[in-house]
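Analysis of the macromolecular model
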Amino acid sequence: MARRLNPWRWVVLGLAALYFLVPLAASVVFTVDVPGQGVTFDAYSQIVSTDGFSSSLLLSLELAVATIAVVLLLMVPAMVALRLGAPRLRPVVEVVCSLPLVVPPIAFVAGIATVLKWGPDYLSRTPLFETFVAVQNPSFPVVLVLAYVVMALPFVYRALDSGLRAMDVRTLVEAARSCGAAWPQALVRAVLPNLRGALLNASFLTLALVLGEFTVAQLLGFQPFAVWIYSVGGSQAQLSVAVSVLSLLVTWALLLVLAGLGGRTRTSSSRG
């Protein structure tokens, strides 16, 4: 039976490879083949010197780091407490964390924009008005971090839930508590080391989400990396595609690094 399935497995993998590699190869050819000039890599050499590249990429990375920190600080204690104290509420939390997959991004950003417009009209004479202004600071829009945290909840929940299911959280916490550790120490020293793979998965998914998110940032008037690629594509198509190809390769490289770190974690845990 296994021998019969092996050819079909290679067929499926081959079709999947064609589905992903053919568009990527066509994009690379489009960026390096200039009519009348032949093969040139000017589109890639101009990326770093193009106006807005470094600032938009730096902004996206800052937003990604802030989003990862906030969503992990929010979800890790909540997931551990849910597994220890209220396992019956797990379906409710799962449904709540899955809601961003149901709500369209355009409706989500429309609600955010409505709230941001409502604030100055009704809170202009209160201290909260400064808060509404601060969260929309173009140099670091906190409102995007809050939006990305909500959008990342389904992916972070799944990653952490699979990691917590793979270990006995109650035994680890009780053992740490019996050794005199407080609750924060038990979480940091007993639970988090065993969640390393899940934390890496959640961080990578959040990073990919922030780097590729376009709708919310564009409609709110900010310019992170994805919006900059779109704006450049209107006047410099080859440069825009070259940046997209480069960002995709960087994302794949991060995925390979993540897979390597996860493999080392499993190997070290199995040896221990």
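Each value, and the rule that gives it
Residues numbered from 1 in each chain as written. Predicted model: local features only at pLDDT ≥ 70, side-chain atom pairs only at ≥ 80, totals over all residues. Heavy atoms only, no water. Phe/Tyr/Trp six-rings, centres within 6.5 Å; stacked < 30°, edge-to-face > 60°. Helix = DSSP H or I, 4+ residues; strand = E, 2+ residues; numbered from the N terminus. Buried < 20%, exposed > 50% of the residue type's maximum accessible area, 1.4 Å probe, protein only. Patch = residues over 30% accessible without salt bridge, like charges linked within 9 Å, V, L, I, M, F, W, Y side chains within 5 Å. Areas by Shrake-Rupley, 256 points an atom, 1.4 Å probe, with all protein chains shown as cover. Salt bridge = Lys/Arg side-chain N within 4 Å of Asp/Glu carboxyl O. Polar contact = N/O pair within 3.5 Å; in protein donor to acceptor, adjacent residues only side chain to side chain. Expected span 1.5 Å × (residues − 1). Bend = angle between axes of the 7 residues up to and from the residue. Contact = heavy atoms within 4.5 Å. Core = buried A, V, L, I, M, F, W, Y, C linked by side-chain atoms within 4.5 Å.

Some words on the packing of aromatic side chains
Think of a pair of aromatic rings as described by two things: how far the centres are apart, and how the planes are tilted against each other in angle. Per the counting criterion, the structure on display carries five aromatic pairs. Ring centres of F53 and F225 lie 6.0 Å apart, and the angle between their planes is 70°; on these two criteria the pair is classed as edge-to-face. Taken as a pair, F53 in helix 3 (residues 53-85) and F225 in helix 12 (residues 225-233) lie far apart in primary sequence, 172 residues in all. By relative accessible area, which is 11% here, F53 ends up buried. A ring pair is formed by F225 and W228, whose centres lie 6.0 Å apart and whose planes are at 15°; its orientation type is stacked. With F225 and W228 both in helix 12 and three residues apart, this pair spans about one turn of that helix. Every member of this aromatic cluster is reached through a ring pair, and the members are F53, F225 and W228.

Digging into a nonpolar patch on the surface
There is a patch of nonpolar side chains on the surface, built from Y19, F20, L21, L248, L249 and W252 and spanning about 630 Å² of accessible area. The set of elements that each furnish at least two residues to the nonpolar patch consists of helix 1 (2-32) and helix 13 (237-271). Position of W252 relative to the elements: it lies in helix 13.

What to know about the side chain of S56
As for its position among the elements, S56 is in helix 3. In this structure S56 comes out as buried when scored by relative accessible area, which is 2%. Polar contacts involving the side chain of S56 include one to the main-chain carbonyl oxygen of G52, which spans 2.6 Å.

Points about helix 4 (residues 90-102)
The first and last C-alpha atoms of helix 4 sit 19 Å apart over 13 residues, in line with the 18 Å expected at 1.5 Å per residue. When the local axis directions of helix 4 are compared, the greatest deviation, roughly 25°, occurs at V96, which is followed within four positions by the proline P100. Where helix 4 is concerned, the buried positions are R90, E94 and C97. The elements touched by buried residues of helix 4 are helix 3 and helix 7 (142-165).

Topic: the side chain of T67
Along the chain, T67 turns up in helix 3. Among the residues examined, T67 registers a relative accessible area of 0% and is labelled buried. Reaching out from T67, the side chain makes a polar contact with the backbone oxygen of L63 at a distance of 2.6 Å. What T67 contacts, discounting residues up to four positions off in sequence, is V145, Y148, V149, T206 and V210.

What to know about the pattern of salt bridges
On inspection of all chains with the given rule, the structure shows four salt bridges. Among the salt bridges present, the one from D161 reaches R165, with a minimum N-O distance of 3.3 Å. A residue pair is termed a helical-turn pair when its members lie 3 or 4 positions apart in one helix, as D161 and R165 do in helix 7 at four residues. Residue D161 is classed as buried on the basis of its relative accessible area, which comes to 6%. Several salt bridges share partner residues, and in doing so they unite R90, E94, R158, D161 and R165 into one network.

Let's talk about the nonpolar core
Ranked by internal contacts, the top residues of the largest apolar core, which has 55 residues, are M75 and L220. If you list the elements that add at least two residues to this core, you get helix 3, helix 5 (105-122), helix 7, helix 8 (169-178), helix 9 (183-191), helix 10 (196-212) and helix 11 (215-220). With 14 residues, the top contributor of residues to this core is helix 7. Discounting chain neighbours no more than four positions away, the residues touching L220 are V109, I112, A113, L116, V143 and L144. Residues F53, V232, L239 and A242 belong to the second largest nonpolar core, which totals 10 residues.

Purely geometric numbers; function is a separate question.
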